[in-house]
Amino acid sequence: MIGPEEVANRLGRQNCISLMREAMIRLSTGQSRQPLRNVIDLGAGDLFGVMPGVLDGAGFGAKLVSVFPSAAAHGRSHQGAILLFDRSTGAPTCLVDAGAVTAIRTACASAAATDILARADAKRLAILGTGEQAWQHALAIPHVRELEHIAIWGRSREKAQYLCERIRRELAISIEVATSPRAAVETADIICTTTSARDPILFSADVRDGAHVNVVGSSYAGPAEIDEMLVKRARFFPDHREGVIAQGAEFLRAKAAGLVSEIDVLAEIGAVFAGASEGRVSKADVTIYKSLGSIVQDLACAAFLHHTYTKGVDPKSTISEA
């Protein structure tokens, strides 16, 4: 099994951003298949998910993952494994720590989306949340924009302050703890919501024109981080359109309120990457990338890790070389 330390050592963020861009293009151009994820609610906020899929050039396989937010203080909230099979022989070829891959690839997918949807002059980042994804997004977004300021908000000011101090040790960027979500985002060009909030913490009235928002925290129908009016206002791009229409909590709430319909879920981010669909139209647009997380992202990472780990290849190679 390729463990978390090896994943972290080999799956560099800049390289992973490229992997995510290429994997999502393959999803949107019919070079992969993935059914809707199967999520079992274990109660008390704990989940068990099964995500199977096929990605041309990588193989096929599945991710089995547990999501236990209550365990975050004592370890990782996301734990599990990605099992990759060889497309030509049907044999299992690689088992990879899913928690480590999910942590890195989720933020790198957001960074890739930010690169194509955010304004070119975006310099101010707001992160809502203080967990693993908040940390990972703080490290990933600077790979696609030259940031001058980061604002962090969390329900626990102590955790927010700790995250700020941790980020300061890695990045030479001005950073502060915000007193509220509104205060965090009021001057932000890029916003990342990475919380386990059950109900919206980010409201349309607080988001300025021209901002880009990565909506990451909710991965199934139920919890929603942003309000219905923000969904209605924004150009709304999903990672996987079928998945977001069926399981994207923010879209489903806005639809239930009669504010949007399926036509308001625009092209998948992979189609925007491929140049087949338009992303940002004007500087005043508010854009949203809704991330549920796709098995094709995990398979791309697993194939890359297997290729570099077992064959001694330089980790700077890409999925197309794997």
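See the structure above.
The sections below set out a description of the structure shown in this document. Since the model is a prediction, treat every value here as computed from it, not as a measurement.

### Regarding the sheet that holds strand β10 (residues 190–193)
1) Next: Sheet architecture is open: seven strands sit in the order β9-β8-β7-β10-β11-β13-β12, paired in parallel fashion. A single partner strand is all that each edge strand has here, and the edge strands are β9 (174–177) and β12 (235–238). Taken pair by pair, the neighbouring strands of this sheet meet at an average axis angle of 15°, ignoring direction.
2) Next: Note: strand β7 (residues 124–128) against β10, four bridges, orientation parallel. When the bridges of β10 are listed, I127 appears paired with C192.
3) Next: Contacts from helix α5 (residues 157–168) reach β8 (149–153) and β9 within the one sheet, and its direction differs from that of β9 by about 170°.

### Focus: the environment of D115
1) Next: As for its position among the elements, D115 is in helix α3 (residues 98–117).
2) Next: Considering only alpha carbons, one finds D115 and N9, 106 residues apart in sequence, at a separation of 24 Å.
3) Next: Setting aside anything within four residues of it in sequence, one finds D115 in contact with R21, V144 and R145.
4) Next: At 3.5 Å, the side chain of D115 and the side chain of R21 are in polar contact.

### As for the pattern of salt bridges
Any two side chains of opposite charge can pair, so long as their charged atoms come close to each other.
1) Next: Throughout the structure, instances matching the rule amount to 16 salt bridges.
2) Next: A salt bridge links D189 to R119; the nearest nitrogen and oxygen atoms lie 3.1 Å apart. Residue D189 is found in the loop between α6 (181–185) and β10, and its partner R119 is found in the loop between α3 and β7; the two are separated by 70 residues along the sequence. Side by side, D189 and R119 carry an identical accessibility label, which is buried.
3) Next: Note that R124 is salt-bridged to E148, the shortest N-O span being 4.0 Å. Of this pair, R124 sits in strand β7 while E148 sits in the loop between α4 (132–140) and β8, placing them 24 residues apart in sequence.
4) Next: R124 gets classed as partly exposed once you look at its relative accessible area, which sits at 24%.
5) Next: By relative accessible area, which is 46% here, E148 ends up partly exposed.
6) Next: One salt-bridge network, held together by shared partners, links R119, D121, D189, R208 and K283.

Scoring rules and cut-offs
Residues numbered from 1 in each chain as written. Predicted model: local features only at pLDDT ≥ 70, side-chain atom pairs only at ≥ 80, totals over all residues. Heavy atoms only, no water. Pairing = 2+ DSSP bridges. Helix = DSSP H or I, 4+ residues; strand = E, 2+ residues; numbered from the N terminus. Axes fitted to C-alpha atoms, helices over the stretch in contact; angles between N-to-C directions. Contact = heavy atoms within 4.5 Å. Polar contact = N/O pair within 3.5 Å; in protein donor to acceptor, adjacent residues only side chain to side chain. Salt bridge = Lys/Arg side-chain N within 4 Å of Asp/Glu carboxyl O. Buried < 20%, exposed > 50% of the residue type's maximum accessible area, 1.4 Å probe, protein only.

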